[in-house]
Amino acid sequence: MVTRLLTKDDIDQFSQVSSTAYIHDAAETEFDETKDIFGTFTDDGILISQIECGFKNNIYGKNVLKCAAVGGVASRPELRRMGGVRATFKAVFENALKKNCDISILYPFSAEYYRKFGYETIMHYINAACSFKSFEKIPRFFDVTLVTDSCRQEITTVYKKAARTQNMMFLRENAETFCLTPYNSMQYVYFVNDGDNYGYVFVKPCRKEKTIHVDEIGFSSPASLVQLLGFLRTYDGNYDTVIFEKLPLYSPIFNYLSDENKYISKKILIGGAARVLNIESILLKTEYPKNHGKFTVKITDTEISANNGVFFVKYGDGECFVERINTEDYDLSLDILAASKIILGREGVSTEELNFIPGVCVKKDCEDFTRAFGKRSTVFYDDF
């Protein structure tokens with residue numbers, strides 16, 4: 001039996017499963033009533049598996065995708081391998097579709113495990129340690145504003161402007177995600193709001209290690225990027241290194257820093273995974289190129305039958321036409337993993353590269369398809 005967790009007994013069992021799965025005190029387990037939490041039970045009422053699902057919006061070009069944000073996937077160790085997680089995911093997907101969600105995102109402990117449910121990694125990010133010696137060509141910049149409670153509206157506006165330059169950033173409608181009490185938390189958000197230049201940077205100094213940690217950085221223009229880097233350079237008298245915790249693979253920051261081989265070390269890590277829930281809606285919300293093009297694509301999805309079919313897409317001059325058609329004459333086929341990777345991840349691939357992506361079968365020329373889903377920098381920060 002799969003149901004939404006609502007009763008006191010449900011909550012008690014939720015705490016037990018969370019404790020056995022994540023190894024912490026059940027008394028400290030938080031049951032977030034703002035989320036839809038589903039669980040699969042045995043016939044005698046024992047909770048096998050559970051999944052938490054909140055709802056957010058992701059920036060996708062000029063449009064917004066409604067997202068089912070999945071977390072807290074857990075099972076009792078003694079009741080695993082019974083199909084509990086799969087049954088619970090089915091309920092999560094059905095509920096998300098009823099709420100008109102386009103996609104789902106989660107942060108996987110194992111990318112391979114979640115592929116069974118249609119989730120594919122769409123964000124690889126860079127963790128970079130940059131010596132202040134790499135900042136020497138950047139002029140110091142001091143005209144920034146520290147975010148406090150009085151800056152709620154302004155930082156929200158700055159964030160939205162900066163986030164629009166990235167793919168899949170979460171849309172923040174208020175300032176609650178930002179630290180509004182910096183002097184108590186010792187976590188600081190500074191922003192620039194200079195004409196057409198918008199940007200912000202989330203800074204956490206660590207004096208003991210002589211490092212500045214940048215949890216987030218967003219900017220709308222080259223000028224705002226240089227200003228934020230110039231502000232970070234003001235710390236160089238007390239600190240040795242800036243550690244960018246999460247930068248998109250194609251971050252332009254490295255275009256402005258000096259002597260990358262000598263003063264910068266990088267690690268590439270796996271970020272979030274996403275799943276297409278409503279392919280037709282996503283195709284309609286895609287921001288297509290201005291030049292004209294058309295393609296037919298077959299989608300296969302073993303979990304969500306409504307995604308299965310052949311879709312004809314025609315685009316140009318900022319408009320698009322999408323239609324589900326009954327034909328076996330299509331340009332290419334994608335399974336749901338490949339669709340999530342290419343359409344949501346926006347890594348940008350050529351027609352030749354399509355042939356080397358698992359789950360893709362190319363039948364005809366796909367230049368109009370690859371042009372439609374060209375490279376965009378993908379990154380998102382929000383935890384859930």
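Treat the numbers as computed from the prediction; the structure is a model and nothing was measured.

Draft legend 1. Spotlight on the pairing of strand β9 (residues 188–194). The element β9 is extensively covered by neighbouring structure, given that 5 of its 7 residues are classed as buried. Two strands pair when backbone bridges link them, and strand β8 (residues 145–146) and β9 are joined in this way by 2 bridges, in the antiparallel orientation. Across the sheet, the residue bridging to Leu-146 is Tyr-190, located in β9. Two strands pair when backbone bridges link them, and β9 and strand β10 (residues 197–206) are joined in this way by 7 bridges, in the antiparallel orientation. Pairing of Phe-191 across the sheet is with Tyr-200, part of β10.

Draft legend 2. Structural view of the sheet that holds strand β16 (residues 309–316). Taken in spatial order, the 5 strands of this open sheet run β17-β16-β15-β18-β19, and their pairing is mixed. Either end of the sheet is taken by a strand with one partner, and the two such strands are β17 (319–325) and β19 (360–362). Averaged over all pairs of adjacent strands, the angle between their axes in this sheet comes to 20°, without regard to strand direction. Its contacts with the sheet put helix α9 (residues 336–344) on β15 (293–300), β18 (332–335) and β19, and the angle it makes with β18 is roughly 100°.

Draft legend 3. Looking closely at the pattern of salt bridges. Considering all chains together, one arrives at 26 salt bridges under this definition. Across the pair Lys-210 and Asp-240 runs a salt bridge whose closest N-O atoms are separated by 3.9 Å. Note that Lys-210 is positioned in the loop between β10 and β11 (211–219) and Asp-240 in the loop between α6 (222–232) and β12 (241–248), a separation of 30 residues in sequence. In this structure Lys-210 comes out as partly exposed when scored by relative accessible area, which is 36%. Given a relative accessible area of 42%, Asp-240 falls into the partly exposed group. A salt bridge links Arg-376 to Glu-287, with the shortest nitrogen-to-oxygen separation between them at 3.2 Å. One end of the pair, Arg-376, is in the segment after α11 (367–372); the other, Glu-287, is in the loop between α8 (279–285) and β15, with 89 residues separating them in the sequence. Of the residues examined, Arg-376 reaches a relative accessible area of 25% and is grouped as partly exposed. Using a relative accessible area of 26% as the deciding quantity, one classes Glu-287 as partly exposed. One continuous salt-bridge network, built from bridges that share partners, spans Arg-4, Asp-36 and Lys-99.

Rules behind the numbers
Along each chain, residue indices are assigned from 1 in the same order as the chain's sequence is written. The predicted origin of the model limits local features to residues at a pLDDT of at least 70 and limits the giving and counting of side-chain atom pairs to 80 or more, whereas totals for whole chains, interfaces and linings rest on all residues. With hydrogens and water set aside, each side-chain value is computed from the structure's full complement of heavy atoms. To sort residues, take the accessible area from a 1.4 Å probe on protein chains only and compare it with the maximum for the residue type: under 20% means buried, over 50% means exposed, and anything in between is partly exposed. Under the DSSP-based scheme used, a helix requires at least four consecutive residues in state H or I and a strand at least two consecutive residues in state E, with every element numbered from the N terminus. Pairing between strands is defined by DSSP: at least two bridges between them are needed. All axes here are fitted lines through C-alpha atoms, helices being fitted over the stretch that makes contact, and every angle between N-to-C directions spans 0 to 180 degrees. Contacts are residue-level and defined by heavy atoms, with any inter-residue pair within 4.5 Å sufficient. When a carboxyl oxygen of Asp or Glu is within 4 Å of a side-chain nitrogen of Lys or Arg, the pair counts as a salt bridge.

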